[in-house]
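Commentary on secondary and tertiary structure
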Protein chains: 2
Amino acid sequence: MKIYCAIQLSQREKDYLNQNIGKHTICFQQDIPNYQIDNFLQAEICFGNVPRAWVEQSENLKWLQLESVGFDAYLALNKPKVMITNLKGFFSVPVAESAVSGILSLLRGINLLTSLKEQKKWEGAAMRSSLRTLEGSEVLILGAGAIGLQLKKLLTAFNCRVSFFDKYSSQAQYVLVDDLVKAIPGADIIIGCLPESPETIHLMDKERLSLVKPTAIIVNVGRGSLIDEDALAHKLTNGSIAGAVLDVTTKEPLPADHPLWNCPNTVLSQHTAGGYEEEIIGKVNIFLKNLERYTKAEPLKDLI
Amino acid sequence: MKIYCAIQLSQREKDYLNQNIGKHTICFQQDIPNYQIDNFLQAEICFGNVPRAWVEQSENLKWLQLESVGFDAYLALNKPKVMITNLKGFFSVPVAESAVSGILSLLRGINLLTSLKEQKKWEGAAMRSSLRTLEGSEVLILGAGAIGLQLKKLLTAFNCRVSFFDKYSSQAQYVLVDDLVKAIPGADIIIGCLPESPETIHLMDKERLSLVKPTAIIVNVGRGSLIDEDALAHKLTNGSIAGAVLDVTTKEPLPADHPLWNCPNTVLSQHTAGGYEEEIIGKVNIFLKNLERYTKAEPLKDLI
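Each value, and the rule that gives it
- Residues numbered from 1 in each chain as written.
- Chains lettered and ligands numbered in written order.
- Predicted model: local features only at pLDDT ≥ 70, side-chain atom pairs only at ≥ 80, totals over all residues.
- Contact = placed C-beta atoms within 7 Å.
- Helix = DSSP H or I, 4+ residues; strand = E, 2+ residues; numbered from the N terminus.
- Nonpolar A, V, L, I, M, F, W, Y, C, P; charged D, E, K, R; others polar.
- Least-squares fit on C-alpha atoms with pLDDT ≥ 70 in both.
- Pairing = 2+ DSSP bridges.
- Axes fitted to C-alpha atoms, helices over the stretch in contact; angles between N-to-C directions.
- Domains from an automatic or database assignment.
- Expected span 1.5 Å × (residues − 1).
- Buried ≥ 20, exposed ≤ 12 C-beta atoms within 10 Å, placed from the backbone.
- Parallel < 35°, antiparallel > 145°, perpendicular 65-115°, else oblique.
- Left-handed = near helix turned anticlockwise from the far one by under 90°.

Some thoughts on the interface of chain A and chain B
- At the interface, 51 residues of chain A touch 50 residues of chain B.
- Elements with a minimum of two residues in the side of chain A that touches chain B: helix 4 (92-108), helix 5 (110-118), helix 6 (146-157) and strand 11 (266-268) of chain A.
- The biggest single contributor to the side of chain A that touches chain B is helix 4 of chain A, with 10 residues.
- A per-class count over the side of chain A that touches chain B returns 21 nonpolar, 17 polar and 13 charged.

What about the relation of the copies chain A and chain B?
- Once chain A is rotated about the relating axis by 180° and shifted along it by 0.0 Å, it coincides with chain B to within an RMSD of 0.1 Å. Considering both components of the superposition, the chain copies are consistent with a two-fold axis.
- When you check the interface residues of chain A against chain B, 98% turn up at the interface there too, and the contact is symmetric in its surfaces.

Considering the sheet that holds strand 9 (residues 217-220) of chain B
All names here are of chain B.
- One open sheet accounts for 6 strands, arranged 7-6-8-9-10-11; its pairing is parallel. Edge strands, defined here as strands with exactly one partner in the open sheet, are strand 7 (161-165) and strand 11 (266-268). This sheet shows a mean twist of 15° between the axes of neighbouring strands, independent of strand direction.
- Note: strand 10 (residues 243-246) against strand 11, 3 bridges, orientation parallel. Residue pairing in the sheet places Ala244 in a bridge with Thr266 of strand 11.

Focus on the domain arrangement of chain A
All names here are of chain A.
- Splitting chain A by domain gives domain 1 (2-88 + 276-295) and domain 2 (92-268).
- Each of domain 1 and domain 2 was reduced to a C-alpha centroid, and the two centroids are 33 Å apart.
- In this assembly, 4 residues from domain 1 lie in contact with 5 residues from domain 2.
- Of the residues contributing to the side of domain 1 that touches domain 2, the split by class is 1 nonpolar, 1 polar and 2 charged.

Observations regarding helix 4 (residues 92-108) of chain B
All names here are of chain B.
- The terminal C-alpha atoms of helix 4 lie 24 Å apart, and with 17 residues this matches the ideal 24 Å at 1.5 Å per residue to within 8%.
- Of all the 17 residues making up helix 4, 17 are buried; the element is thus mostly covered by neighbouring parts of the structure.
- Gly109 sits one or two residues past helix 4 and shows a positive phi near 75°.

Describing the sheet that holds strand 9 (residues 217-220) of chain A
Residue and element names in this part refer to chain A.
- Reading across from one edge, 7-6-8-9-10-11 is the order of the 6 strands in this open sheet, with parallel pairing throughout. A strand with exactly one partner marks an edge of an open sheet, and here the two such strands are strand 7 (161-165) and strand 11. Taken pair by pair, the neighbouring strands of this sheet meet at an average axis angle of 15°, ignoring direction.
- Relative to strand 10 (residues 243-246), strand 9 is paired through 4 bridges, and the arrangement is parallel. Residue pairing for strand 10: Ile217 is matched across the bridge by Gly243.

Digging into the packing of helix 5 of chain A against helix 5 (residues 110-118) of chain B
- Running from N to C, helix 5 of chain A and helix 5 of chain B point in directions that differ by 65°, and their axes come no closer than 9 Å. On the basis of the axis angle, helix 5 of chain A is roughly perpendicular to helix 5 of chain B. Taken as a pair, helix 5 of chain A and helix 5 of chain B cross one another with a handedness that is right-handed. Taken together, the residues of helix 5 of chain B that come into contact with helix 5 of chain A (itself represented by Ile110(A), Asn111(A), Thr114(A), Ser115(A) and Glu118(A)) are Ile110(B), Asn111(B), Thr114(B), Ser115(B) and Glu118(B).

Comments concerning unusual backbone geometry
- Here Glu252(A) and Pro253(A) are connected by a cis peptide whose omega angle stands at -5°.
- Considering the arrangement of structural elements, one finds Pro253(A) in the loop between strand 10 and strand 11.
- Positive phi, normally seen in glycine, also occurs at Asn159(B), with a value near 55°.
- Mapped onto the fold, Asn159(B) is located in the loop between helix 6 (146-157) and strand 7.
- Overall, Asn159(B) belongs to the partly exposed group, with 13 C-beta atoms counted inside 10 Å.

Quick word on the environment of Cys46(A)
All names here are of chain A.
- Relative to the helices and strands, Cys46 is located in strand 3 (residues 45-47).
- Judged by the 28 C-beta atoms lying within 10 Å of it, Cys46 falls in the buried class.
- Cys46 sits 42 residues away from Tyr4 along the chain, and the two C-alpha atoms are 4.7 Å apart.

Below, the structure is given as structure tokens:
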């Protein structure tokens, strides 16, 4: 079978994939100077996120293994016969750790201490009364998927009370947006980890943001479109919200003149939260396992 | 009874203490311009850490309530009739949170991202493969006191395997220094939370530091004297250790020319880890509860 690999791999990762691919023919996009659609069109299988227009044009593609959890770029695809699988749950551990790390940084002053170290400036005891603890916080998580559940596990160790808003999960305490609106004012920490859909775009709009406690921290590790960023930047700047941890933003990279760069008490993790040393090998392993199923005509894992 | 308060309080905290002190007479050190020992010498009870020499000279002092867990400054005191109580366990929640926050910052790149934000520089995807997760780490905690046990609780949620070195605790897997030496090379994270004693000074000396994995992170939230700081600074600079989170240092404030200011992958939390918003009120409450016991001639809590 002809496989097209759209993921950029290191030599070590490429060797690893080649060693484990069996008798299939694999074409690496990174090896084609000024690559165009041609090689992709010959493939039956694609590993990695190619433009939707390419998938539309292909007559040979039967299976697309995404290298992401998000598949919003393919929602409008009109190719019912192409199977698409995603990396459901793959990022839950690193993303949940980055979210907790960002929250703790703001509460325990680690971001301020990082700046002080660069200035070689000792503040010490004077900072202590401005610090807060995560212990016992009321946490509202938007999205009870793999990341949300992992977050609950971690936050429970800090004696946080965790509740979920999710229209499609039995784990959720809040299912309707009206319920969410009632839950917002009680939350010390609000964490967004929802996929993008017409229902989630600006779910945290100016009006709902205005219901957030001034002492609260808002976190977004799902999709940037969840939050009205102008309204949030305004709140951060005037101190009507205590902080934000944003792994995702509407525009990435964040434009140089974006107001979020200047907001205080804000951690911008630049869409790195899913990253870790062996991330690519982990993705390759998921692809290889699904490839084995495909070869044996077994059902693929995480079909969307 | 005459009480001497050596702790600096805000007006709100002072009002709170006055409202709850009952019929005792209290003298606030902060209200005496150029205070000397005189007022202290009249007191039967002292709340707060006064110089050891003062305690030596007092004929009236019966009880000293420290505002710290550490009591190494009073080890040489020769006043067997003075009862001393400390704040055992008081800081375990904030200190453990600061330690985990520092560790996660290094692993998830939050300290680097803080610097990038100040420079308004987007690195994004390029950083991902340099990030690591805490999940499943081997953690060696030196000291199985309240902070160590709280750390174990938090780290267990991250699926860390936690073991303790402690000469005096039944919780410890390693009791002898020889056992500790054997455990060091296997640890991904080593956390010091030991009190200071002749046995703990430079327990992590140059030789034992040389046994630490190059990928490991060392944390110290106990006493600065635990670690040979010159040896550690050298290892951090030459990359033979992955990072350090130091809440305590031998000299505080850290001198401007100290090599630790320039070390990479180092979080210096400036002895703030025990701090939190209601820290002083929390201390006042512990004093008031012990004062009630003292008044009723009941045994005091956390007598050392």
